[in-house]
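Commentary on secondary and tertiary structure
For reference, the chains in residue letters:
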Amino acid sequence: HPETLAKLAKRAPHITVLANRSPNFSMEGRMRGLGFESVIAIDERVDLELAEGITVHRIPTAGIDNMLVIETPEGRVLNYNDCNLPRRTLQGLSRKLAPIRLLLTNYNHAGKLYTQTPDDEVRGQLRDVLTETVALLAPERVIPFASTHFYRTHESRSQNESMLTFDDLDRLAADNPRFVVLRVGDSVEL
C-alpha cells in the first residue's frame, strides 16, 4: 500500500528495505521513490547475506508472488505468504527446504471472488488449503498471518463472511500444536 509505505519511510527513512528485482519488474526504484534511503535489491534464486549467519533467498512462485527463505543460526524460516503452489510442488519444496523451523503463511483470500460459492464452503476450502500446506511443509511452528483484512466496497463487501476468523484459527490450533495464532497487536517469542 503506497500511502502506508510512504508514511513508514517518512518515520524511518534509514530502515533497510529488501526490494524484489526480477526480469519483468523491480521494486527498488519504487521503494526509493517512496522515501526509503537504504534499499537492497534481492534477485530471484540468489542468496543474499544480511548479516553474519543470516541469509535470504527469494523463490518466485507465480506472477509477482514470491516466497522468502530466511536462514538463521536458529533455523530456517519460510515466508510463504500469497503463494499457491500445487501439492506435488509443495512436496518437492518440503524435501528441499526441510527442516523448516517457522512457516509464515496467509490464510484468507485477498481478491474478488467471481464464483457464487457458499461462504461456509469457501471457509472450508481455505481451512483445507492451510492445513494441507502445513502438513506438506511440516514446519516446527506455523504463524498464519497477513490475512486480517476487510472488504469495504459494495461489490466485494459480501466476501467478508467467507473468510476465516481468529476463532477458526484457534480451532485449528486446538487440533494442531504447530499453530501459533496471533491477533493484531499480539507478540510471541519462540
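These notes cover the structure that comes with them.

Turning our attention to the layout of surface pockets. One number sums up the size of the largest pocket: a volume of about 630 Å³. Taken together, 20 residues make up the lining of the largest pocket; nearest its centre are Leu18, Asn20, Met27, Ile64 and Asn66. Broken down by secondary-structure element, the contributors of at least two residues to the lining of the largest pocket are α1 (2-11), β1 (16-21) and β5 (65-72). Looking at the lining of the largest pocket, its residues break down into 13 nonpolar, 4 polar and 3 charged. Estimated volume of the second largest pocket: approximately 410 Å³. What lines the second largest pocket is a set of 23 residues, and nearest its centre among them are Cys83, Asn84, Asn106, Asn108 and Val129. Among the secondary structure elements, those contributing two or more residues to the lining of the second largest pocket are α3 (87-97) and α4 (119-137). Take the lining of the second largest pocket: its biggest share by element is 7 residues, from α4. In terms of residue class, the lining of the second largest pocket is made up of 11 nonpolar, 8 polar and 4 charged.

Read from one edge of the open sheet, 6 strands run β3-β4-β5-β6-β7-β8, paired in mixed fashion. On the outer flanks of this sheet lie β3 (47-51) and β8 (141-144), each paired with one strand and no other. Strand after strand, the sheet turns through a mean of 20 degrees between neighbouring axes, direction not considered. Note that β5 and strand β6 (residues 75-79) share 5 bridges and pair antiparallel. Opposite Thr72, over in β6, you have Gly75 as the bridge partner. On the sheet, α4 packs against β6, β7 (102-105) and β8 and is oriented at approximately 155 degrees with respect to β7.

What counts and how
Residues numbered from 1 in each chain as written. Predicted model: local features only at pLDDT ≥ 70, side-chain atom pairs only at ≥ 80, totals over all residues. Heavy atoms only, no water. 1 Å grid on protein atoms, 1.4 Å probe; cavity = no way out; pocket = protein on both sides within 12 Å on 5 of 7 lines; lining within 4 Å. Points joined across faces, edges and corners; volume = space filled by probe spheres on them. Helix = DSSP H or I, 4+ residues; strand = E, 2+ residues; numbered from the N terminus. Nonpolar A, V, L, I, M, F, W, Y, C, P; charged D, E, K, R; others polar. Pairing = 2+ DSSP bridges. Axes fitted to C-alpha atoms, helices over the stretch in contact; angles between N-to-C directions. Contact = heavy atoms within 4.5 Å.

These values are about where atoms sit, not about what they do.
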